[in-house]
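Close look at the chain arrangement
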Amino acid sequence: MTVTDLPSSDTKLDLPPLKLGNITVDTPVVLAPMAGITNTAFRRLCREHGGGVFVSEMVTSRALVERTPESMRLISHDPDEQIRSVQLYGVDPETVGKAVRMLVEEDHADHIDLNFGCPVAKVTRRGGGAALPWKLDLFTDIVQTAVREASVGGLPLTIKMRKGIDEDHLTFLEAGRIARDAGVAAVALHGRTANQFYSGKADWDSIARLREALPDIPVLGNGDIWSAEDAIAMVRQTGVDGVVVGRGCQGRPWLFGDLMAAFEGSDTRHRPGMAELAAAVYRHAELLVDTFDDENKALRDIRKHMAWYFKGYVVGGDLRAKLAAVPTLEVLRGLLDQLDMSEGYPGTDAEGPRGRAGSPKRTALPAGWLDNRTVSNTQEAELAGAELDVSGG
Ligand SMILES: Cc1cc2nc3c(=O)[nH]c(=O)nc-3n(C[C@H](O)[C@H](O)[C@H](O)COP(=O)(O)O)c2cc1C
């Protein structure tokens, strides 16, 4: 038994399909771009359970323009991905423009998202990521250029951002208006500041404020959706047109089935027992082998998913440790076979928060960054380095 009808029926909600430019998304749910997670393998697993938009891991515009092998992998999609969604990160309008043009002219994408939410010190220290919207001139230039290039191919361009740098330096309302005026198809807000990293609780009130401030374009809410009920609660509380789900689906790609059910007004939820869970883990590993075309790399990658998949399930400590260090598909098969396949769904122990949390810390910024809202010459030089060696966030 893997699917349960819950008694509660207070999850019903009548939300229209999400419109992203010329794309209509029946289930208004977006898989949040997550570096190191939302590759073709993981997107396939999510897609098999429910509808929505499934965004790639972010790719830096510079690496894409240079056509590095890794960036070409990052923008690749399976042939049956109906909405090929790519997330770009960039700090230089010209390079971002070139990257968007490349995606359009070479038909690599149906939707492009720009990332303005990365809180990682090595990025913000140079003015990139979540630090960037503070500089209104640069932010405007990047978004306008990207929208212009995307519109040549009729592609919707969206942006994803945080509330700001910290509570005293909030950027989301201004950035949202600038993006709307530039012609973006939607704006997504993660209800945390860069300082918060992934700690504390996402501030859904800020999402409601953005929704109110931008009545004329879709606004998507992001942060701390761990269940279909959370998604419905966010829509009710904020009035958003759709939700963006990240960590909640780590180890639970079937959450997309729950989300689809909930948005359709159904109480049906997916509750995998151990046998189904083990099959899902093995399949994820196999798909990663296809994605990377390298068994060693694929198995190194699946290790980080083990604690998420087995959260709440009875697995001996020794077996857990071996799963977290699994070297080959064959060993994985043998380890999974040691699990008690008769075990049912563990209930709420398998649900709730997982993945990155961290603790709040002051965002590293270039000298004088907060003094004004435009980029100085020195800062422009530093920014060039804000696109090197970036890996999500
Ligand atoms: C491992 C990991 C990688 C991430 N990579 C990206 C990324 O590449 N681009 C991006 O915009 N956000 C990235 N994020 C942020 C998520 O998209 C999302 O905004 C954040 O996790 C909050 O949503 P959640 O509470 O549903 O997880 C990442 C988050 C995690 C945990």
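Each chain has its residues counted from 1, running along the sequence as written. Note on the predicted model: pLDDT of at least 70 is required for a residue's local features to be given, and 80 or more for side-chain atom pairs to be given and counted; whole-chain, interface and lining totals, by contrast, use all residues. Values reported for side chains reflect all heavy atoms of the structure, with hydrogen atoms and water molecules removed beforehand.

A few words on the overall build of the protein chain. Per the convention used, a helix needs a DSSP run of H or I reaching at least four residues, while a strand needs a run of E reaching at least two, with both numbered from the N terminus. Regarding its fold elements, the protein chain presents 16 helices and 14 strands. Radius of gyration (C-alpha) of the protein chain: 21 Å, near the 21 Å computed for a compact globule of 393 residues. Its C-alpha atoms put the protein chain at 65 × 45 × 40 Å along the principal axes. Out of the 393 residues in the protein chain, the part that is buried amounts to 60%. Contacts were defined at the residue level, with two residues in contact if any of their heavy atoms lie within 4.5 Å. Of the contacts made within the protein chain by residues no fewer than 6 positions apart, 73% connect residues no fewer than 24 positions apart. A residue counts as positive if it is Lys or Arg and as negative if it is Asp or Glu; His and the chain ends are not included. For the purpose of locating charges, the reference atoms are NZ of Lys, CZ of Arg, CG of Asp and CD of Glu. Positive and negative charge centroids in the protein chain, built from 44 and 56 side chains respectively, lie 4 Å apart. Here the globule rule is a power law, 2.2 Å times the number of residues to the power 0.38, and the radius of gyration is based on C-alpha atoms. A simple rule labels every residue: compare its accessible area, found with a 1.4 Å probe on the protein chains alone, to the largest value its type can have, and call it buried under 20%, exposed over 50%, or partly exposed in between.

With that settled, consider the site of the ligand. Here a residue counts as near a molecule or strand whenever at least one of its heavy atoms sits within 4 Å of it. Neighbouring residues of the ligand: 19 residues in total, closest Gln87, Asn222, Asp224, Gly246 and Arg247. Each polar contact in these results corresponds to two N or O atoms within 3.5 Å; when the atoms are within protein, one needs to be able to donate a hydrogen and the other to accept it, and residues that are neighboring in sequence are counted only if both atoms are side-chain atoms. Within the backbone of Ala35, an N or O atom sits 2.9 Å from a nitrogen atom of the ligand. Surface burial for the ligand is 97%, taken as the share of its 600 Å² of free accessible area covered by protein chains. Every accessible area reported is derived by Shrake-Rupley at a probe size of 1.4 Å, with residue values counting cover from the shown protein chains alone.

Turning to the side chain of Glu57, a few remarks are in order. Mapped onto the elements, Glu57 comes out in the loop between β5 (53–54) and β6 (59–60). Glu57 sits in the buried class, given a relative accessible area of 7%.

Below, the discussion takes up the pattern of salt bridges. A pairing counts as a salt bridge when a side-chain nitrogen of Lys or Arg comes within 4 Å of a carboxyl oxygen of Asp or Glu. Scanning all chains against the criterion turns up 26 salt bridges. For Asp318, the salt bridge identified is with Lys322, shortest N-O distance 3.3 Å. Placement of both Asp318 and Lys322 in helix α14 (residues 317–323) is noted, with a separation of 4 residues, approximately one turn of the helix. Classification of Lys322 by relative accessible area gives partly exposed; the value is 42%. Here the salt bridges share partners, and the residues they tie into one network are Arg43, Arg44, Arg47, Asp78, Asp80 and Glu81.

A few words now on helix α10 (residues 255–263). Owing to its 3.6 residues per turn, the α-helix brings residues three or four apart onto one side. The element α10 is largely enclosed, with a buried count of 8 among its 9 residues. Among the residues making up α10, those that are buried are Leu255, Phe256, Gly257, Asp258, Leu259, Ala261, Ala262 and Phe263. In this structure, the buried side of α10 is in contact with β4 (29–31), α1 (40–49), β5, α9 (228–238), β13 (242–245) and β14 (268–270).

Turning our eyes to something else, we now look at the confidence of the model for the protein chain. Within a predicted model, pLDDT stands for the predictor's per-residue confidence, ranging from 0 to 100. In this model, the protein chain carries a mean pLDDT of 94, and residues with pLDDT of at least 70 account for 95%. Below pLDDT 50 for its whole length, residues 1–9 participates in 24 contacts with residues either more than four positions away or in separate chains.

Okay, a negative patch on the surface next. Together, Glu286, Asp290, Asp293, Asp294, Glu295 and Glu330 line one region of the surface with negative charge. Within the fold, Asp293 resides in the loop between α11 (274–292) and α12 (295–303). Residue Asp293 is classed as exposed on the basis of its relative accessible area, which comes to 72%. Exposure above 30% relative accessible area and the absence of a salt bridge qualify a residue for a patch, where like charges join within 9 Å and nonpolar side chains (Val, Leu, Ile, Met, Phe, Trp, Tyr) within 5 Å.

A few words now on unusual backbone geometry. Despite not being glycine, Phe197 has its phi angle at roughly 55°, a positive value. Locating Phe197 in the fold gives a position in the loop between β11 (186–193) and α8 (204–213). Residue class for Phe197 comes out buried when judged on its relative accessible area of 17%. With a phi angle near 55°, Asp293 is a residue other than glycine that sits in the positive phi range.

With that settled, consider the packing of α1 against α11. In a packed pair of helices, the relevant descriptors are the angle between the two axes and the axis-to-axis distance. Geometry is summarised by axes, namely lines fitted to C-alpha atoms with helices restricted to the contacting stretch, and by angles between N-to-C directions that run from 0 to 180 degrees. Across the interface, α1 lies against α11 with an axial gap of 8 Å and an inter-helix angle of 135°. It follows that α1 is oblique to α11 by the angle criterion. For the element pair α1 and α11, the recorded crossing hand is right-handed. On α11, the residues that touch Thr40, Ala41, Phe42, Arg44, Leu45 and Glu48 of α1 are Arg283, His284, Leu287, Leu288 and Thr291. When the residues that make up the contact of α1 with α11 are grouped by side-chain class, the tally is 5 nonpolar, 3 polar and 3 charged. Here roughly perpendicular refers to angles of 65 to 115 degrees, roughly parallel to angles under 35, roughly antiparallel to angles over 145, and oblique to all remaining angles. For a crossing to be left-handed, the near helix must be turned anticlockwise from the far one by less than a right angle; the clockwise case is right-handed. Under the scheme applied, nonpolar residues are Ala, Val, Leu, Ile, Met, Phe, Trp, Tyr, Cys and Pro; charged residues are Asp, Glu, Lys and Arg; polar residues are all the others, including Gly.

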